[in-house]
Each structure stands twice: as structure tokens, then as C-alpha cells.
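In case you want the letters, here they are:
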Amino acid sequence: MKKIILTAAAVFAFGFANAQEKTGSEGFAKGDLYLSGAFGFSNSKTGDFKTDNFTIAPGVGYFVSENIAIEGSLAYVSGKDVQDVTGEGDFFEVKASGFAVNAGAKYFFTPASKFSLSVGANVSYGSVKTEVDGFGDSTSKIIGFNIPVGLNYFVSNNFAITSSWGGFGYSSNDNGGDGAEKTNEFNLGLDMSTINFGLLYKL
């Protein structure tokens, strides 16, 4: 299985920002407002079966104190997979698409520095429509809570490359409702397979 995460925007920003003259200060201070964005694409293939996933998530943050910022974001996700939905060895194409809103706060240990470690807490709400070839579609509602760990590295006075991964997470999925059993899931881990990259612009 091969997984590819595209961070072209972050790489471009790194090269662009390094070419600029540094006239201000890197890092964050109380009252700073910033825009963030994450883009992800993964692809895997096992034999003749392919899986594709796409995510784009713009967001905004504001420092209410020297170390604490409140954040909000909106994400769009889509994916395609092949699954044995009947459990009888017959595989069907499964398509999913939806959105999620996220709000929370983040604590930065060294916000005024070029490099800073952070830990956050956020809640999210999402709606995902799933279509199974030959079986129709259903829409699931997902509520989640997460405590991610993050890193921020300023490549210029205004641009920073960000990453977040692992931490503790909980989610509840109603699996389309209408009497369906809910799926409650807990996650705890800091392995590199859960890392996400993004780009931040300080206004």
C-alpha cells in the first residue's frame, strides 16, 4: 500500500518566503490574526483495487493572549474505495463526500519564536454522504473531540509551515441514523502515519 501526502503549497511558500527580505518579526504575539490551510491527497492500490482520498481545509485563528489562540476551520473531504459491503466476498465501489466544521483553542509554548510546539483541543461536526454502487446512499452525522500536538515553523515574517498529528481523539458516528447502531471510537497515538501538513499566513 502506498500513501502519498501532497504539500506542494507549503513547499512553494518555503521557497518564495526565503527569497523575501526579512523586515519584521517572526513568531506570534497577542492580537495576531492568521489564516491557515491544509491540503491532503492519499492514494493506495492493492491488486486491482484503488483507494483515493482528498481533503482541503481553510481556517482562521486569533491570539487572545501571549500563548493561547482560538481557531476555526471548514473542511471538505471526498474519497473513493472498494469494499466488501455484504461480507460475502463481493466488492463494490463506495464513494463518500462531505464537510466538517471545527472550533477550538491551541496553546503555544514559544509563540514569539521562529519554531514553536503547540497542543490544542477542538470539537468538530461533520456530515458525510456515502454512495454504494447498487445499494443507494446514506448520510452520516459525525461529532468529534480531539487533542492534537502541533509544530509551527516560520519561513518568513508572515509565512509558516505547520504540522499536527496524533494526540487523543474521540468520535461518534450515527451511521446514517434511522435506527442504525452508532460507532463510538477512541484514538490515542503519535505515530507518523497520522501527520498532517499545512500552511499559515500571519496578517
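Residues numbered from 1 in each chain as written. Predicted model: local features only at pLDDT ≥ 70, side-chain atom pairs only at ≥ 80, totals over all residues. Heavy atoms only, no water.

## Things to note about the overall build of the protein
Then step 1. Looking only at helices and strands, one finds 1 helix and 9 strands in the protein.
Then step 2. The long-range share in the protein, meaning contacts at least 24 apart out of those at least 6 apart in sequence, stands at 58%. (Helix = DSSP H or I, 4+ residues; strand = E, 2+ residues; numbered from the N terminus. Contact = heavy atoms within 4.5 Å.)

## Some thoughts on the packing of aromatic side chains
Then step 1. Enumeration over the complete set of coordinates arrives at 10 aromatic pairs.
Then step 2. Arranged with centres 5.0 Å apart and planes meeting at 70 degrees, the rings of phenylalanine 28 and phenylalanine 154 form a pair that is edge-to-face. Here phenylalanine 28, found in the loop between α1 (8–18) and β1 (33–46), pairs with phenylalanine 154, found in strand β6 (residues 136–154); they are 126 residues apart in sequence, far enough to count as distant.
Then step 3. With a relative accessible area of 5%, phenylalanine 28 lands in the buried category. (Phe/Tyr/Trp six-rings, centres within 6.5 Å; stacked < 30°, edge-to-face > 60°. Buried < 20%, exposed > 50% of the residue type's maximum accessible area, 1.4 Å probe, protein only.)

## So, the environment of glycine 198
Then step 1. Here glycine 198 is to be found in strand β9 (residues 196–202).
Then step 2. Sequence spacing of glycine 198 and serine 36 is 162 residues, and the spatial spacing of their C-alpha atoms is 7.1 Å.

## What to know about the confidence of the model for the protein
Then step 1. On average, the protein scores 81 in pLDDT, and the residues at 70 or more come to 80%.
Then step 2. Note on residues 1–23: pLDDT is under 50 here. Beyond four places in sequence and across chains, it has 36 contacts. (pLDDT = per-residue confidence, 0-100.)

## Some details on the pattern of salt bridges
Then step 1. If you walk through the whole model with that rule in mind, you get 1 salt bridge.
Then step 2. The residue lysine 106 makes a salt bridge to glutamate 71 at a minimum N-O spacing of 3.5 Å. You can see lysine 106 sitting in strand β4 (residues 92–108) and its partner glutamate 71 sitting in strand β3 (residues 68–83), a full 35 residues away along the chain.
Then step 3. By relative accessible area, which is 19% here, lysine 106 ends up buried.
Then step 4. Accessibility expressed as a relative area gives 26% for glutamate 71, which makes it partly exposed. (Salt bridge = Lys/Arg side-chain N within 4 Å of Asp/Glu carboxyl O.)

## Overview of the environment of threonine 183
Then step 1. Within the fold, threonine 183 resides in strand β8 (residues 183–189).
Then step 2. Accessibility expressed as a relative area gives 37% for threonine 183, which makes it partly exposed.
Then step 3. Along the primary structure threonine 183 and isoleucine 142 are separated by 41 residues, whereas in three dimensions their C-alpha atoms are 9.4 Å apart.
Then step 4. Apart from residues no more than four positions distant in its own chain, threonine 183 is found in contact with Ser171, Ser172, Asn173 and Asn175.
Then step 5. A polar contact is formed between the side chain of threonine 183 and the side chain of asparagine 175, at a distance of 2.8 Å. (Polar contact = N/O pair within 3.5 Å; in protein donor to acceptor, adjacent residues only side chain to side chain.)

## Brief notes about the pairing of β6
Then step 1. Bridge count between strand β5 (residues 115–132) and β6: 16 bridges; the pairing is antiparallel. When the sheet's bridge partners are listed, serine 124 is paired in β6 with glycine 144.
Then step 2. In this antiparallel pair of consecutive strands, β5 and β6, the connection spans 3 residues, and glycine 134 shows a positive phi of 90 degrees. (Pairing = 2+ DSSP bridges.)

## Here we look at the side chain of serine 127
Then step 1. For serine 127, the position within the fold is in strand β5.
Then step 2. Those residues in contact with serine 127, other than ones at most four positions away along the chain, are Ser97, Gly98, Phe99, Thr139, Ser140 and Lys141.

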